[in-house]
Every structure is written in C-alpha cells, then in structure tokens.
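# Structural description and commentary
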Amino acid sequence: MTAPNAASARSAPPNGIAPLLAVRDLVKHFPITRGVFRRRVGAVRAVDGVSLDVFPGETLALVGESGCGKTTTGRAILRLIEPSAGEIRFDGADVRALGGDALRRLRRQMQIIFQDPFSSLNPRMTVGAIVREGLTIHKLAEGEAADARVRELLDEVGLRADVASRYPHEFSGGQRQRIGIARALAVEPRFIVCDEPVSALDVSVQAQVINLLEDLQREHGLAYLFIAHDLSVVEHIADRVAVMYLGHIVELADADELYRRPIMPYTQALLSAVPVPDPTRQRHRIILSGDVPSPANPPSGCPFHPRCPHPRKDDACTRLVPPLEEKEPGHLVACIKQTPTTVSWPEQQSAGGTMQPERIIPDALG
Amino acid sequence: MTSTPAASAPLLSIRDLSTWFHTGGRSVARAVDGVSFDVMPHETVGLVGESGCGKSVTSLSILRLIERPGRIEPGSRIDFEGRDLLSLDDRAIRAIRGNRISMIFQEPMTSLNPVFTVGDQIAEVARVHSTASRREAWERAVDMLQQVGVPAPADRAREYPHQLSGGLRQRAMIAMALMMHPALLIADEPTTALDVTIQAQILELLAELQTRVGMSILLITHDLGVIAESATRVLVMYAGQIVEEAPVRTLFDAAHHPYTEGLLSAMPRLGDRRERLTVIPGTVPSPTQWPAGCRFHDRCAYAWDRCRTDAPPLYQIGAGHVSRCHLAAEPARRRAPAFAAAAPAS
C-alpha cells in the first residue's frame with residue numbers, strides 16, 4: 001500500500017510503448033456495518049493496493065483463488081464498483097476523475113465479458129437487441145447500418161446472422177458467451193476485462209471460446225485483462241500473469257517465466273496443486289494447510305504467512321508487509337525470504353526475524 | 001455367483017441402466033440410455049463427461065434418487081453386494097443409503113441443512129443406521145470430523161454450515177458420508193466448487209481415507225486432471241452412453257474413441273503452450289433427440305456413412321479397454337490428425 005508498491009507494475013514492458021492501462025495502488029474496501037444505524041464496524045479489504053499495467057494488444061492474466069479480489073479489481077478498474085483509493089489511467093486519461101459523458105465515452109473503449117453466460121444477458125431482449133444496444137447508446141450506427149453491423153458482429157463471433165431475432169434462453173452456454181463477446185465488441189473497444197469467461201463452459205466448448213478470444217485479439221489489437229482461476233487456461237492465453245492473494249498482487253511475471261520458475265511460495269503451491277491429466281507423472285505436490293483467511297480480518301505482515309511453507313518463515317513475515325520487488329529481470333515477487341530483497345537482514349531482525357533469507361531455487365514443477 | 005472368489009466379484013454391477021425423463025408430450029429425455037459397468041472392491045472408478053452426458057443421473061439412479069418425471073426403465077439392473085437394488089422396497093433402500101453406499105455432492109452448501117449444526121447432521125447418520133445413543137452418536141460425529149482433518153472438531157461440530165468455509169463444509173460432508181464406513185462412496189464432482197489448493201487437500205484426504213477404510217469410490221467429474229490423479233479405471237460418457245472404458249493409463253496414452261481423443265486435446269494443460277487449442281466442433285445434442293447411428297457422428301472428424309446409420313456397439317480394444325466406435329472395425333479410416341485442423345471460429 002505504501003511506496004514500495006508504487007513503481008511495481010512494470011514487468012517487461014515492450015520497449016518504449018506506453019501502457020494502455022496503468023493502475024496504481026488501487027484499493028477497494030467494502031464497509032461492514034451493524035445495527036439499524038449501519039454503524040461501520042470494519043471493512044472487507046477486497047483489493048488492498050494493487051498496481052498493474054496493461055499494454056496495447058497484450059493479455060495480462062489476473063489469477064487467484066476465490067475471494068482474492070481479482071474480480072473486484074477488474075470491476076473497480078472499469079468503475080463498475082467505485083474504488084476507495086488509487087489511480088487508474090487509461091490511455092493517459094484519469095479514469096477516476098471522469099464523470100457523465102466523458103466517462104461514457106471512455107467506457108466505449110473499455111468493455112467487460114462476464115463469467116456467467118446465463119445471468120449476464122437480458123432474457124427479455126433478442127440477441128440482436130442485446131448486441132445493438134451499445135451501438136445505440138454510443139451513437140455508432142442506426143437503422144439499416146446498425147442491422148448490418150449486428151450481422152457482421154454475430155458472424156465474427158461464429159454465430160449465424162439469423163440468431164439475431166432469437167432470445168438468450170434458446171442458446172447453449174458457449175453460444176451465449178459468444179453473444180456476450182459480440183456485445184462487448186460492438187463498440188470497438190481497445191481493452192476488455194474478461195472475467196472468468198470460460199469457467200462455466202465444458203472443456204470442448206471452452207476451447208472454442210478461447211480460440212475465438214485469441215483470434216479477435218489478433219485481428220483488433222485488443223488488450224485483455226483476463227481474470228481466471230484455472231491456471232492451465234491462463235498459461236495458454238496470457239502474455240503476463242499477476243497472482244493475487246487476499247487483495248494483494250504477490251507475483252507478476254511473463255507467463256513462461258512464472259510457470260517455469262515461480263518464486264513466491266504461494267504461486268509454487270498453487271501451480272503444484274493443479275491436477276495434471278497425465279497418470280504417469282509423479283509430482284511433488286505442496287499441500288497447503290488451512291483456508292484462505294477472511295479479507296475482513298487479514299493477517300498482519302505478509303498476507304500468506306499463516307499458510308506459508310517456506311522453511312525460513314519467521315516473525316518478520318508476520319510483521320512486515322513484503323514489497324512487490326523485482327527478483328529477476330521483469331519478475332516481481334512479494335516475499336522477504338526469497339532473495340534478493342530490498343528488506344535488509346537488519347531490518348528483518350528488528351521486526352523479529354530469526355531466519356536469514358537465502359536464495360532457494362524453486363522446486364521445478366516436475 | 002457363490003463359486004466366484006470374493007476378490008474378483010464386483011461390489012457394484014450395473015447392467016443396461018436406462019433412466020428416462022418422461023417430460024410430457026411425446027418427448028422423452030433419455031438421459032441415461034443403456035449403461036453397464038462394474039465397480040470392484042477397493043478401486044476408484046472415474047466417470048467422466050461434459051454437462052448433460054448423464055453422469056450425475058447415473059449416480060442418482062444407483063441410490064434410486066430419481067424423482068418423477070424421471071424413471072429407471074424396466075430391464076435395468078443394479079446389483080450391489082449381491083442384492084438387486086432396483087427390487088428393494090423403500091425401507092430397504094433407505095437402509096443402504098448413507099450406510100453401505102454414501103454420496104457426496106458438488107455443492108456442500110446446498111447439501112447440508114442450514115438449520116442444524118454440522119455435528120447434529122453427522123450424528124443423525126449414526127442414529128438412523130445404528131442403535132447409538134444421542135451422546136454416542138455425537139461423540140462419533142466429532143471423532144469423524146477429526147478423522148477428516150477438521151481442526152478443533154468439538155467446536156466445529158457445534159457450528160452451522162454457513163459458519164464453515166467451502167473446504168471445511170466439504171470435509172463435513174465427507175465425514176457424514178463415511179460415518180458408517182460405506183463399501184461404496186459416490187463422489188459427484190466433489191472438488192468442482194473448490195479452489196485448487198483446497199481441491200488438492202480434499203483429493204489427498206479421499207485417497208488416504210480410501211486406504212484406511214478400504215472402500216470403493218465412484219468419482220464423477222468433468223476434470224480429466226482429477227481423473228488422472230485419482231482413478232484406476234475410467235468410464236467416458238457421452239450422450240447417455242458409455243463410449244469408452246479403459247484403465248487410466250491406457251485412456252491417457254491410447255484413447256480410442258474420437259470423443260475421448262477430442263476431450264484430451266481440447267483441454268489446455270500446464271507446460272503445454274500451443275498456439276491454438278484443438279476443438280470439438282458443435283455442441284452436445286439434446287437428450288430428447290440423440291442423433292441416429294453413432295451419437296457423436298455429427299461432431300466427429302472421422303465419421304463416414306456407417307456412423308450416420310449404424311449405432312456402434314462397444315468394441316473390445318484391449319485388456320479392459322472397450323470403445324463404442326466403428327473405427328475398431330475399420331481402423332484404416334483413422335487418418336491423423338483428427339482435431340488438429342481447428343479452423344478459426346469466425
């Protein structure tokens with residue numbers, strides 16, 4: 001939340017290219033109230049100081065388990081949920097300072113695709129009307145031109161043009177997700193938050209939708225913030241990956257680097273827990289004890305310390321919030337026990353540290 | 001049957017199980033349509049398939065939990081520990097449920113009763129199926145919670161389901177299911193609603209309990225990764241039928257059925273960054289109108305005339321390996337690569 005995080009999000013940007021989206025120290029706390037006067041008794045710290053950049057045409061994946069704040073982060077960036085603090089810049093514009101027409105114009109460039117293809121489409125509107133709505137709101141096309149554009153969009157997502165007159169309930173999950181994608185594409189966005197877009201789909205259909213998202217990205221130069229919990233899907237689709245835990249980004253790196261050499265103990269455990277469809281493979285699996293703590297009552301210091309299996313975990317981990325720091329070129333990690341760290345040994349000792357950090361080569365996932 | 005050595009007799013034997021839903025009019029949803037398989041003592045059988053393939057209806061049929069308009073059709077047979085479950089009266093089947101055969105479900109929140117404490121619900125199993133006193137039942141419930149790795153079990157037993165996390169709820173469900181040391185545990189997507197780190201805990205727990213209690217597990221899931229790590233034998237369902245059955249290694253090394261092949265290649269996996277995922281075109285057909293011939297033919301890259309008219313039988317491919325595909329009779333028609341030509345969707 002403080003200074004160390006501020007410059008954090010730049011993992012391996014393409015040289016000289018400015019980020020399309022720059023988020024700094026984003027915070028969203030939901031108040032917990034009690035009694036008829038709704039007295040505020042605490043807060044759910046859903047997002048607690050998140051910084052990230054998304055570059056034009058890339059896919060940044062945001063992964064983590066339920067309750068880690070990934071969905072809230074995505075929605076706060078679009079201001080579908082009003083952030084409590086932090087800075088969001090889209091193409092240079094200060095998103096949090098905008099209102100009214102200016103915000104509406106900006107939203108044309110920032111779209112979202114939702115997880116649940118059953119509840120995210122209005123059951124009383126035809127598919128054509130759903131896709132067309134954005135065209136009307138943003139005054140992009142009317143009448144015949146709008147009809148033609150709707151047909152073009154449906155074709156682009158692999159649906160026949162005659163589906164425009166039908167209603168969402170007539171479609172399967174995968175087809176509905178295609179409708180949701182057509183709706184997002186209608187306003188010609190540059191950036192799309194994909195919030196678990198394939199989690200509700202069966203494997204065979206999931207592959208169709210992933211391929212479609214990749215095709216559209218290539219054709220339109222779209223940037224994605226891809227929010228997901230399925231690490232196999234993320235490895236396939238992401239250029240860079242940010243791992244979230246209890247409202248914090250705890251590791252951020254290129255996808256290849258992160259999957260090959262995870263540094264944060266949480267990421268290592270997360271990757272080792274993914275079931276692999278290969279019965280011959282003997283794996284060293286890290287089983288974490290316990291559950292994710294409640295974001296209403298997060299642990300002090302490193303949010304992961306109560307479950308952390310790191311052999312050098314000590315009292316310093318319970319007192320110091322680890323800064324997200326660059327441990328390898330372009331590889332950002334929040335852990336004071338994985339060297340190199342800017343939190344010096346004397347500093348750790350004064351916070352109760354008894355185990356000096358030492359480079360530990362992460363046990364490769366084999 | 002009496003001459004068969006006990007070790008080789010199946011614990012559960014299902015023959016020609018058909019569970020149809022007579023939803024009015026002339027349409028009948030043939031959700032499960034002629035399914036046969038065995039579960040041997042102490043083994044874990046994986047039942048895998050996508051939504052609507054009939055895997056959950058199969059498991060509910062075993063416990064006779066099918067309600068109208070669903071019906072287990074005449075001619076179906078389910079033998080368990082030498083008894084025909086379909087001919088038992090309601091009292092007799094109730095004595096088996098939760099006792100000799102237990103079930104755990106995907107969503108522990110909806111399967112636990114919100115107005116009773118977890119301990120009461122687990123203890124009730126012992127009260128129903130044994131002569132245990134109220135206090136004995138409670139003590140056994142607490143003991144069971146401890147065995148499934150619930151911390152501070154005596155305190156947790158006094159809590160209500162909503163007070164527990166998803167992982168703890170699933171452990172409480174498992175405790176309830178294992179209370180009577182069942183011979184067969186049916187686990188229907190037991191980890192689908194859980195995060196991967198919690199899923200890993202639960203799968204580990206199930207494997208450990210299986211060794212300790214010596215039960216068989218019928219593991220129903222859509223996740224081939226979970227199957228690979230837990231099952232010894234796999235059944236693949238598609239459109240109400242079993243389309244392939246194989247030992248787990250055979251299935252992953254040498255899948256025969258084009259649907260299995262498609263499923264395996266459609267899933268992204270760790271360490272495999274292909275440019276494009278291969279896809280199975282189209283969608284699962286509706287159970288009220290399964291396609292004629294092979295039910296997979298309209299999505300199959302190898303299909304030829306025969307597939308459109310002749311329903312394939314289960315062909316023997318190898319030891320313990322069967323496949324419902326005419327390619328077994330005409331292998332030359334399998335031309336590689338089947339699903340590689342994934343054209344852009346647009």
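Right above here is the structure, for reference.
Residues numbered from 1 in each chain as written. Chains lettered and ligands numbered in written order. Predicted model: local features only at pLDDT ≥ 70, side-chain atom pairs only at ≥ 80, totals over all residues. Heavy atoms only, no water.

A count of helices and strands for chain B gives 12 helices and 13 strands. Computed over the C-alpha atoms, the radius of gyration of chain B is 21 Å, within 12% of the 20 Å expected from 2.2 N^0.38 for a compact globule of 346 residues. Look at the contacts in chain B between residues 6 or more apart in sequence, and 65% of them connect residues 24 or more apart. Element-wise, carbon and sulfur atoms account for 52% of the exposed surface of chain B, whose accessible area totals about 15,000 Å². Of the charged side chains in chain B, 36 are positive and 37 negative; the average position of the first set lies 3 Å away from that of the second. (Helix = DSSP H or I, 4+ residues; strand = E, 2+ residues; numbered from the N terminus. Rg over C-alpha atoms; globule rule 2.2 N^0.38 Å. Contact = heavy atoms within 4.5 Å. Areas by Shrake-Rupley, 256 points an atom, 1.4 Å probe, with all protein chains shown as cover. Lys, Arg positive; Asp, Glu negative; His and termini not counted. Charge placed at Lys NZ, Arg CZ, Asp CG, Glu CD.)

Further remarks concern the interface of chain B and chain A. A common measure of how large an interface is: the accessible area buried when the components associate. Between chain B and chain A, the residue contacts involve 46 residues of the former and 47 residues of the latter. The junction of chain B with chain A conceals about 4,000 Å² of combined surface from both sides, 55% of it contributed by carbon and sulfur atoms. A per-residue breakdown of the area chain B buries against chain A is headed by Thr197(B), Leu270(B) and Arg273(B), which together make up 19% of the total. Applying the counting rule to chain B against chain A returns two salt bridges. Between Glu229(B) and Arg285(A) there is a salt bridge whose closest N-O contact spans 2.2 Å. Counting the contacts that link chain B with chain A gives 15 residue pairs in polar contact (both at pLDDT 80 or more). Counting residues per element, the ones that place at least two in the side of chain B that touches chain A are α7 (166–178), α8 (196–213), α9 (224–230), α10 (248–253) and α11 (258–266) of chain B. Residue contributions to the side of chain B that touches chain A peak at seven residues, all from α8(B). Split by residue class, the side of chain B that touches chain A holds 20 nonpolar, 13 polar and 13 charged. (Buried area = accessible area lost by both parts, 1.4 Å probe. Salt bridge = Lys/Arg side-chain N within 4 Å of Asp/Glu carboxyl O. Polar contact = N/O pair within 3.5 Å; in protein donor to acceptor, adjacent residues only side chain to side chain. Nonpolar A, V, L, I, M, F, W, Y, C, P; charged D, E, K, R; others polar.)

To continue, consider helix α10 (residues 265–273) of chain A. α10(A) sits mainly inside the fold: nine of its nine residues count as buried. By the burial criterion, the buried members of α10(A) are Pro265(A), Tyr266(A), Thr267(A), Gln268(A), Ala269(A), Leu270(A), Leu271(A), Ser272(A) and Ala273(A). Residues of α10(A) that are buried sit in contact with α8 (231–237), β9 (240–245), β10 (248–254) and α9 (255–260) of chain A together with α8 of chain B. (Buried < 20%, exposed > 50% of the residue type's maximum accessible area, 1.4 Å probe, protein only.)

On to empty space enclosed by the protein. Residues and elements named next belong to chain A. Taken as a whole and judged by the stated rule, the model has seven cavities of 30 Å³ or more. Empty space within the largest cavity amounts to approximately 100 Å³. Around the largest cavity, the lining comprises 15 residues; the ones closest to its centre are Cys-302, Cys-308, Cys-317, Cys-335 and Ile-336. Split by residue class, the lining of the largest cavity holds 11 nonpolar, two polar and two charged. (1 Å grid on protein atoms, 1.4 Å probe; cavity = no way out; pocket = protein on both sides within 12 Å on 5 of 7 lines; lining within 4 Å. Points joined across faces, edges and corners; volume = space filled by probe spheres on them.)

Residue and element names in this part refer to chain B. Within the secondary structure layout, Gln-210 lies in helix α8. A polar contact of 3.4 Å, which involves the side chain of Gln-210, links it to the backbone oxygen of His-42. Excluding residues within four positions of it along the chain, Gln-210 makes contact with His-42, Glu-43, Thr-44, Met-215, Ser-216 and Ile-217.

Here we come to the nonpolar core. Judged by nonpolar contacts, the single largest core of 103 residues is most densely connected at Val131(A), Ile181(A), Phe226(A), Val234(A), Val241(A) and Tyr266(A). When residues in this core are grouped by element, the largest group, eight residues, is from helix α7 (residues 203–220) of chain A. When sequence neighbours within four positions are dropped, the list of residues in contact with Tyr266(A) reads Glu65(A), Val243(A), Met244(A), Tyr245(A), Val250(A), Leu288(A) and Phe304(A). Listed in part, the 40 residues of the second largest apolar core include Ala132(B), Val142(B), Leu145(B) and Ala175(B). (Core = buried A, V, L, I, M, F, W, Y, C linked by side-chain atoms within 4.5 Å.)

This paragraph deals with the pairing of strand β10 (residues 233–238) of chain B. Residue and element names in this part refer to chain B. Among the six residues that make up β10, six are buried, leaving the element largely enclosed by the rest of the structure. Residues Arg-233, Leu-235 and Met-237 point to one face of β10 and Val-234, Val-236 and Tyr-238 to the other, with burial holding for every one of them. Examined bridge by bridge, strand β3 (residues 44–48) and β10 share four bridges and lie parallel to one another. Paired with Val-48 across the two strands is Val-236, which belongs to β10. Direction of pairing for β10 relative to strand β11 (residues 241–247): antiparallel, over a ladder of six bridges. The residue of β11 that forms the bridge with Val-236 is Glu-244. In sequence, β10 turns back onto β11 through a hairpin of two residues, with Ala-239 there showing a positive phi of about 50 degrees. (Pairing = 2+ DSSP bridges.)

Under the definition given, this model contains seven aromatic pairs over all chains. Measuring from centroid to centroid gives 5.2 Å for Tyr245(A) and Phe304(A), while their planes differ by 85 degrees, and the two rings are edge-to-face. Note that Tyr245(A) is positioned in strand β9 and Phe304(A) in the loop between α10 and α11 (315–319), a separation of 59 residues in sequence. Neither Tyr245(A) nor Phe304(A) differs from the other in exposure class; each is buried. Ring plane angle 50 degrees and centroid distance 4.5 Å describe the contact between Tyr238(B) and Tyr259(B), whose orientation is recorded as tilted. Of this pair, Tyr238(B) sits in strand β10 while Tyr259(B) sits in helix α11, and the two are 21 residues apart along the sequence. For Tyr259(B), a relative accessible area of 0% puts it in the buried group. Ring-pair connections join several aromatic residues into one group, and the members of that group are Tyr245(A), Tyr266(A) and Phe304(A). Its guanidinium or amino end placed over the ring of Phe30(A), Lys28(A) lies 5.0 Å from that ring's centre, counting from NZ or CZ. (Phe/Tyr/Trp six-rings, centres within 6.5 Å; stacked < 30°, edge-to-face > 60°. Lys NZ or Arg CZ within 6 Å of the ring centre and 35° of its normal.)

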